[in-house]
Amino acid sequence: MTSRERILEAMNHREADRVPIDLGGMRSTGIHAIAYRKLKDHLALTDRSVRIYDVFQQLALVEESVRERVHSDVVELKRLDGGFETRIDEWIEYDMFGDGGRYLLPAGFDPVRMPDGSRAIIRDGRIVATMPDGGFFFDSKYFPLAGAEDRETIDNEIKAGFSEREVTFLKDQLSELRGANDCAIMGTFGGNFLEAGHSYFGYQEFMEKMITDRTLVEYFLDKLLEKYLAELDVYLSEFGGDIDLIQIGDDYGTQENTQISPRIFRTLFKPRLKALCDFIHSKRPGLFIFLHSCGSVYPFIGDFIDAGVQVLNPVQTNAKNMDPIRLKQEFGKDIVFWGGGCDTQHVLPFGTVEAVEEDVKRRIDVLAPGGGFVFASIHNIQMEIPPEKILRLYETAFEYGRGEHSGEGR
């Protein structure tokens, strides 16, 4: 069975020859550049350089040699933007962490060292993101609609469009991916609404505006939907026939609860999410819709399904009400769980390699029966995780996921 066939079996809620695996198939199943550099060193690969394709999260581009080593079955069709107006069609060498690693960053990455040792990304004279001295990620600092009170300001900021450069980049990338392996291809789109509100207005201001100026928020969300549908029309026409899944994302949960009430979700966000899904399915009926939504989203899973979502990630099982047994029993026939493969808050960073192995086996026993499960870590593997644990994580998923060491429920 090919990797693509294995993923499609999971999408159709059937068990394949083994549990399918994902490392680097999208921007929340990836690996931090430092952990990846150590992994490449451990594997004694000839090329030790690391390409950081996501500046914001400092995510490494997972190369074919590493993908094969961890038995990953999916690859990502990456957008051109590497974050903060950088481009991943060209690369520059940059001493990112001072650890002796050779890091390549997207073209346009030009941070400025500030007096306190932090790095700042500056665009049009504004600081748009910073990384503290000794830090490992960038934080956004500029919110273009902060303080906006009128529709004209929103109209001027939110505009649809795919550049010719990006269309060419995606076409070339697709051709390369199809020629390099037999994996399923995940098309990254985005299409978020709540997160977009946070990014445009700032977190606190947008959360307040949903209550104090709902009319303006609805106008903003409708402009986003208009933009997304226009871009989807181009994206699906050009690339929809060559990808297997399309990834959208919106973080509706926290560790302890949903970020917004069910009433706010169902009146403001669900209708627009459904419009997005309906459009995708009308243009490409066979395309699977993958939703990334972190945290305690149990109250919304039924709504996700009703809106047309077929895959949920990252399945944050340590969050409140996200017990995997309960999730599988209640929703396992209607949605694919992509993630939930290990406890990345406690076991992976602090447990032994043996504890990692046992945790993976327990989760496969719960989530794999009947299909509808793709193994991945709960969000990205962070910089402190040593290579030995990473390899044990994926080797266990590969071996145990074949059913040769079936536990209860397998």
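Coordinates for the structure precede this section.
Every chain begins its residue count from 1, and numbering advances along the sequence as written. With the structure being a predicted model, the display of local features is reserved for residues of pLDDT at least 70 and the display and counting of side-chain atom pairs for 80 or more, all residues being used for whole-chain, interface and lining totals. With hydrogens and water stripped out, all remaining heavy atoms of the structure feed into the side-chain values.

## Observations regarding the overall build of the chain
Thought 1: The numbering of helices and of strands both runs from the N terminus, where a helix is a DSSP run of H or I of at least 4 residues and a strand a run of E of at least 2. In terms of regular secondary structure, the chain is built from 14 helices and 15 strands.
Thought 2: Relative to a compact globule of 410 residues, whose C-alpha radius of gyration would be 22 Å, the chain shows 21 Å and is just as compact.
Thought 3: Overall, the chain is about 60 × 50 × 40 Å in size when its C-alpha atoms are taken along their principal axes.
Thought 4: Exposed residues in this analysis have more than 50% of their type's maximum accessible area, buried residues have under 20%, and partly exposed residues fall in between, with area computed by a 1.4 Å probe over protein chains only. The buried share of the chain, reckoned over its 410 residues, is 57%.
Thought 5: Any two residues having at least one pair of non-hydrogen atoms within 4.5 Å are treated as being in contact. Counting contacts in the chain only where the partners sit at least 6 residues apart, residues at least 24 apart contribute 72% of the total.
Thought 6: Method for areas: the Shrake-Rupley scheme with a 1.4 Å probe, in which residue coverage is limited to the protein chains shown. Carbon and sulfur atoms provide 48% of the accessible area of the chain, an area that totals close to 16,600 Å².
Thought 7: Neither His nor the chain termini are counted; the positive set is Lys and Arg, and the negative set is Asp and Glu. For this purpose, a charge sits on NZ of Lys, CZ of Arg, CG of Asp or CD of Glu. The positive charge centre, built from 48 side chains, and the negative charge centre, built from 68, are 1 Å apart in the chain. Each radius of gyration is computed over the set of C-alpha atoms, and the globule rule expresses the reference value as 2.2 Å times the number of residues to the power 0.38.

## As for the side chain of lysine 227
Thought 1: Take lysine 227: it is sitting in helix α8 (residues 214-239).
Thought 2: Owing to a relative accessible area of 17%, lysine 227 belongs among the buried residues under this scheme.
Thought 3: In contact with lysine 227, not counting residues within four places along its chain, are Ile158, Lys159 and Ala160.

## What to know about the pattern of salt bridges
Thought 1: Salt bridges, as used here, are contacts in which a Lys or Arg side-chain nitrogen is within 4 Å of a carboxyl oxygen on Asp or Glu. Counting across every chain of the model gives 44 salt bridges.
Thought 2: For aspartate 89, the salt bridge identified is with arginine 165, shortest N-O distance 2.7 Å. With aspartate 89 in strand β4 (residues 87-93) and arginine 165 in helix α5 (residues 164-180), the pair connects residues that are 76 residues apart, well separated along the chain.
Thought 3: Residue arginine 165 is classed as partly exposed on the basis of its relative accessible area, which comes to 39%.
Thought 4: The salt bridge involving glutamate 330 is made with arginine 326; its shortest N-O contact spans 3.3 Å.

## Examining the packing of aromatic side chains
Thought 1: For Phe, Tyr and Trp, rings pair up if their centres lie within 6.5 Å, where Trp contributes its six-membered ring, and each pair is then called stacked (planes under 30 degrees apart), edge-to-face (over 60) or tilted (otherwise). Inspection of every chain in the model, using the stated rule, returns 25 aromatic pairs.
Thought 2: Both rings, one in phenylalanine 109 and one in phenylalanine 138, keep their centres 6.0 Å apart while their planes meet at 85°; by these two values the pair is edge-to-face. Of this pair, phenylalanine 109 sits in the loop between β5 (103-107) and β6 (112-113) while phenylalanine 138 sits in the loop between β8 (126-131) and β9 (139-140), and the two are 29 residues apart along the sequence. The two residues phenylalanine 109 and phenylalanine 138 agree in class, both being buried.

## Section: the packing of α8 against helix α9 (residues 262-283)
Thought 1: Convention adopted: a line fitted to C-alpha atoms gives each axis, helices being fitted over their contacting stretch, and angles between N-to-C directions are expressed from 0 to 180 degrees. Running from amino to carboxyl end, α8 crosses α9 at an angle of 15°, the nearest separation of the two axes being 10 Å. Compared by their axis directions, α8 and α9 come out roughly parallel. At the point where α8 passes α9, the crossing takes the right-handed sense. Contacts between α8 and α9 involve Arg214, Val217, Glu218, Leu221, Asp222, Leu225, Tyr228, Leu229, Leu232, Asp233, Leu236 and Ser237 from the first element and Arg263, Ile264, Thr267, Leu268, Phe269, Arg272, Ala275, Leu276, Phe279, Ile280 and Lys283 from the second. For classification purposes, angles smaller than 35 degrees are called roughly parallel, those larger than 145 roughly antiparallel, those between 65 and 115 roughly perpendicular, and all remaining angles oblique. Less than a right angle of anticlockwise turn of the near helix away from the far helix marks a crossing as left-handed, whereas a clockwise turn marks it as right-handed.

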